[in-house]
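These are the residues of each chain, in order.
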Amino acid sequence: MYTLHNVGDQALLVEFENEISMEVNRKVMALKRALEERQIPGTGELIPTYRSLVIHYDPLTADLEQLKEAIDQSVGHLDLAALPKAIVTEIPVLYEGEYALDLEEIARIEGKTVEEIIRIHSQSDYYVYMLGFAPGHPYTARFENPFSFKRRETPRVRIVVQLGLSDIIPFDQPCGWNIIGSTPLLACDYRKENPFLLKAGQWIRHVPVDRVEFMDIKRQVELGCYQPITYEKEG
């Protein structure tokens, strides 16, 4: 079941169920893969979100009815088993001092120690639902043992968490997310052919590091020689 909307005269929006869940998001990713494989003339960038897919097209070269038919056929035969194997990227995180402005407050709200919050945040893999808002900005979530706190009433400027969701803010910017740690990695690095560190449909795992490790990785990132640890997700 899906709905189709025009987005101006150069894009279509395919919406699935109105919920944030991995099951719905996998439909989005499967549709993206199916349309990419079809290589429909005139289609451009395909942008996945939590529950929808934006399909850009060139109105001068694309056959809109052919595109809509391809969408309908693809949705009717989604092959979730054909999605690529899940990849995990490790994200080093410093949970300390000025790099973790809200960590102690979050521990108090949750009725846990700082060490327990760090363990909870770093013990599970997080699924990357989509990139959005800022270049390379991943919207991620884990599905076990979520936190209970919500966004801040007063925004901060800079990893951040809320309930079961977690974000990596690409650069200093106002936001209401709680800052419990910082990573030396760049979510977006335009020096690279593919500037984005992460992509929709993959996973991340936060790995606690100390200040020495943080600064060492930061220097490698600045030199453009750091290679994040990646591997296939088990199960």
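Please refer to the structure placed before this passage.
Keep in mind that what you see is a predicted model, and the values were worked out from it rather than measured.

Definitions and cut-offs
Residues numbered from 1 in each chain as written. Predicted model: local features only at pLDDT ≥ 70, side-chain atom pairs only at ≥ 80, totals over all residues. Heavy atoms only, no water. Axes fitted to C-alpha atoms, helices over the stretch in contact; angles between N-to-C directions. Helix = DSSP H or I, 4+ residues; strand = E, 2+ residues; numbered from the N terminus. Parallel < 35°, antiparallel > 145°, perpendicular 65-115°, else oblique. Left-handed = near helix turned anticlockwise from the far one by under 90°. Contact = heavy atoms within 4.5 Å. Core = buried A, V, L, I, M, F, W, Y, C linked by side-chain atoms within 4.5 Å. Buried < 20%, exposed > 50% of the residue type's maximum accessible area, 1.4 Å probe, protein only. Patch = residues over 30% accessible without salt bridge, like charges linked within 9 Å, V, L, I, M, F, W, Y side chains within 5 Å. Areas by Shrake-Rupley, 256 points an atom, 1.4 Å probe, with all protein chains shown as cover. Salt bridge = Lys/Arg side-chain N within 4 Å of Asp/Glu carboxyl O. Lys, Arg positive; Asp, Glu negative; His and termini not counted. Charge placed at Lys NZ, Arg CZ, Asp CG, Glu CD. 1 Å grid on protein atoms, 1.4 Å probe; cavity = no way out; pocket = protein on both sides within 12 Å on 5 of 7 lines; lining within 4 Å. Points joined across faces, edges and corners; volume = space filled by probe spheres on them. Nonpolar A, V, L, I, M, F, W, Y, C, P; charged D, E, K, R; others polar. Phe/Tyr/Trp six-rings, centres within 6.5 Å; stacked < 30°, edge-to-face > 60°. Lys NZ or Arg CZ within 6 Å of the ring centre and 35° of its normal. Pairing = 2+ DSSP bridges.

K.L.:
Explain the packing of helix α1 (residues 22-38) against helix α2 (residues 64-76) to me, and be specific about the residues and the numbers.
P.N.:
How two helices sit against one another is set out by the angle between their axes and by the gap between those axes. For the pair α1 and α2, the least separation of the axes is 10 Å and the interaxial angle reads 130 degrees. The angle between α1 and α2 falls in the class oblique. In this structure, the crossing between α1 and α2 has a hand that is right-handed. On α2, the residues touching L31, A34, L35 and R38 of α1 are A70, I71, Q73, S74 and V75.

K.L.:
Can you tell me about the nonpolar core, naming the residues and giving the values?
P.N.:
Side chains of nonpolar character tend, in soluble globular proteins, to be buried together. Core analysis: the biggest nonpolar cluster contains 19 residues, and I91, Y95, L103, L185 and I204 have the highest contact counts within it. When residues of this core are traced back to their parent elements, those giving at least two are β5 (87-93), α3 (103-110), α4 (114-122), β6 (125-131) and α5 (211-223). The contacts of L185, once residues within four sequence positions are left out, are E90, I91, P92, L197, I217, V221 and Y226. Grouped together as the second largest cluster of nonpolar side chains are 17 residues, V28, I55, L67 and I71 included.

K.L.:
Hey, could you go over a negative patch on the surface for me, with residue numbers and the actual values?
P.N.:
Residues D63, E65, E69 and D72 make up a contiguous surface patch of negative charge. Relative to the elements of secondary structure, E65 occurs in helix α2. Judged by relative accessible area, which is 53%, E65 ranks as exposed.

K.L.:
Explain empty space enclosed by the protein residue by residue, including any values.
P.N.:
There is about 30 Å³ of room inside the largest cavity. Along the walls of the largest cavity sit I91, P138, I168, T183, L185, A187, L197 and L198, which together make up its complete lining. Considered class by class, the residues forming the lining of the largest cavity number seven nonpolar, one polar and no charged.

K.L.:
Explain the packing of aromatic side chains to me, using residue names and the numbers behind them.
P.N.:
As enumerated under the stated definition, the model contains five aromatic pairs in all. Here the aromatic cluster, defined as three or more aromatic residues joined through ring pairs, consists of Y50, Y127, Y129, Y139 and W203. The lysine or arginine in question, K233, covers the ring of W203, its NZ or CZ lying 4.4 Å from the ring centre.

K.L.:
Tell me about the sheet that holds strand β2 (residues 11-15), and name the residues and values.
P.N.:
The sheet built from four strands is open, its strands ordered β1-β2-β4-β3 with antiparallel pairing. Two strands lie at the open edges of the sheet, namely β1 (3-6) and β3 (43-48), each paired on one side alone. The average angle at which neighbouring strand axes cross in this sheet is 20 degrees, direction not considered. Note: β1 against β2, four bridges, orientation antiparallel. Looking at β2, one finds that T3 is bridged to E15. Those strands touched by α2 are β1, β2, β3 and β4 (52-57), and its axis lies near 20 degrees from that of β2.

K.L.:
Pulling in residues and values, what's your account of the layout of surface pockets?
P.N.:
Computed from the structure, the largest pocket encloses a volume of approximately 680 Å³. In terms of lining, the largest pocket is formed by 32 residues, of which the most central are N194, P195, F196, L197 and L198. Elements with a minimum of two residues in the lining of the largest pocket: β3 and α5. Ranked by the residues each element gives to the lining of the largest pocket, the list is headed by β3, at four residues. Considering only residue class, the lining of the largest pocket consists of 18 nonpolar, nine polar and five charged. The volume enclosed by the second largest pocket comes to roughly 590 Å³. Along the walls of the second largest pocket sit 22 residues, with L83, P84, K85, A86 and G201 positioned nearest its centre. Taken together, the residues of the lining of the second largest pocket sort by class into 11 nonpolar, three polar and eight charged.

K.L.:
How would you explain the pattern of salt bridges if you had to name every residue and give the values?
P.N.:
Taken as a whole and assessed by the stated rule, the structure comprises 11 salt bridges. Notably, a salt bridge pairs E98 with R211, separated by 2.9 Å at the nearest N-O pair. Take R211: its relative accessible area is 30%, and that puts it in the partly exposed class. The shortest N-O distance in the salt bridge between R191 and D189 comes to 2.8 Å.

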